[in-house]
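Each chain, written out:
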Amino acid sequence: MSTAAFRLAAIAVLLSAGTALAGPGGAGHGHGDETAYGKAGDPKKPARIVQVVMAERDGKMAFIPDRIEIRRGEQIRFQLRNNGELDHELVLATLEENLKHAVEMQKNPDMEHDDPNAKRLAPKKTGEIVWAFTKAGEFDFSCLIPGHREAGMTGKIIVK
């Protein structure tokens, strides 16, 4: 193999490894692949609607509701509304992934999420996430904007 061919092969390997590392579990930015907590839903298919409000109140930040029960195999259309005065986001993942991602957000506080499992909203705006819960377990949803999770913006999803 010539030196040039070897370099091209090495670059190809590095680029493909970078793509593989950027998938699900890589700070919650997976697209289309199944994760420990399910997969992106199909907006054309029926889904149960769950409304989630984001707000600040009495010095705390919150999701209302902060506990949601779901049947395994169910597709959910989360209708999100930011009733607060600050930007908020909902990031759906495992607790471990969200805690790890929160550390990254401390380093990059302007990182915005508009992934299948995450949505950031400006004050008084709405959005949605469609998600299929394919596995049973307890999962987390949090606002990972620095300081928001610590101020109470976290919730639990129980898939039975």
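Not measured: the values here are computed from a predicted model.

Colleague: What's the story with the environment of V159 in this structure? I'm lost.
Modeller: In this structure, V159 sits in strand 10 (residues 154-159). With 89 residues separating them along the chain, V159 and I70 place their C-alpha atoms 4.7 Å apart. If near-sequence neighbours (up to four positions away) are discounted, V159 is found in contact with I70, R71, R72, F133, K135, A136, G137 and F139.

Colleague: Can you walk me through the sheet that holds strand 6 (residues 88-93) in this structure?
Modeller: Spatial strand order, 4-10-9-6-7: five strands in an open sheet with mixed pairing. If you trace the sheet from one side to the other, it starts and ends with strand 4 (67-70) and strand 7 (118-121), each paired once. Recorded for the sheet is a direction-independent mean angle of 20° between the axes of neighbouring strands. Sheet analysis places strand 6 next to strand 7, joined by four bridges and oriented antiparallel. Across the sheet, the residue bridging to E89 is R120, located in strand 7. Here helix 2 (residues 95-107) sits on the sheet and contacts strand 6 and strand 9 (137-142); the angle it forms with strand 6, its principal contact strand, is near 140°.

Colleague: It is not clear to me how empty space enclosed by the protein should be interpreted in this structure. Could you clarify?
Modeller: One way to see where empty space is left: roll a probe the size of a water molecule over the atoms. A full pass over the atoms with the stated rule returns two cavities of 30 Å³ or more. In this structure, the largest cavity encloses a volume near 40 Å³. Around the largest cavity, the lining residues are A102, Q106, C143, L144, I145, P146, G147, R149 and E150.

Colleague: What is the right way to look at unusual backbone geometry in this model?
Modeller: One can expect most non-glycine residues to show negative phi and most peptide bonds to be in trans. In the segment running from I64 into P65, the intervening peptide bond is cis, with an omega of 0°. Within the secondary structure layout, P65 lies in the loop between strand 3 (60-64) and strand 4. The backbone of D58 shows a phi angle near 50°, a positive value even though the residue is not glycine. Examined against the element boundaries, D58 turns out to sit in the loop between strand 2 (48-57) and strand 3. One non-glycine residue with positive phi stands out, namely K124, at about 65°. Relative to the helices and strands, K124 is located in the loop between strand 7 and strand 8 (126-132).

Colleague: Help me understand the nonpolar core, please; the structure alone is not making it clear to me.
Modeller: General note: in soluble globular proteins, nonpolar side chains tend to be found buried as a group. The biggest cluster of nonpolar side chains holds 25 residues, and the ones touching the most others in it are F78, L90, F133 and I157. Where this core is concerned, the elements lending two or more residues are strand 2, strand 3, strand 4, strand 5 (75-82), strand 6, strand 8, strand 9 and strand 10. Beyond its immediate stretch of four places on either side in the chain, I157 contacts I68, I70, F78, L92, F133, G137, E138, F139 and F141. Counting residues in hydrophobic clusters, the runner-up holds five residues, among them A102, M105, A118 and L144.

Colleague: Quick question: what am I supposed to make of the sheet that holds strand 1 (residues 39-40) here?
Modeller: Sheet strands associate in pairs through backbone hydrogen bonding, adopting either a parallel or an antiparallel arrangement. Here we have five strands laid out as an open sheet, ordered 1-8-5-2-3, and mixed in their pairing. Looking at strand neighbours, the two that pair on one side only are strand 1 and strand 3, the edges of this open sheet. Relative to strand 5, strand 2 runs parallel, the two being bridged by seven bridges. Note that in strand 5 the partner of M54 across the bridge is N82.

What counts and how
Residues numbered from 1 in each chain as written. Predicted model: local features only at pLDDT ≥ 70, side-chain atom pairs only at ≥ 80, totals over all residues. Heavy atoms only, no water. Helix = DSSP H or I, 4+ residues; strand = E, 2+ residues; numbered from the N terminus. Contact = heavy atoms within 4.5 Å. Pairing = 2+ DSSP bridges. Axes fitted to C-alpha atoms, helices over the stretch in contact; angles between N-to-C directions. 1 Å grid on protein atoms, 1.4 Å probe; cavity = no way out; pocket = protein on both sides within 12 Å on 5 of 7 lines; lining within 4 Å. Points joined across faces, edges and corners; volume = space filled by probe spheres on them. Core = buried A, V, L, I, M, F, W, Y, C linked by side-chain atoms within 4.5 Å. Buried < 20%, exposed > 50% of the residue type's maximum accessible area, 1.4 Å probe, protein only.

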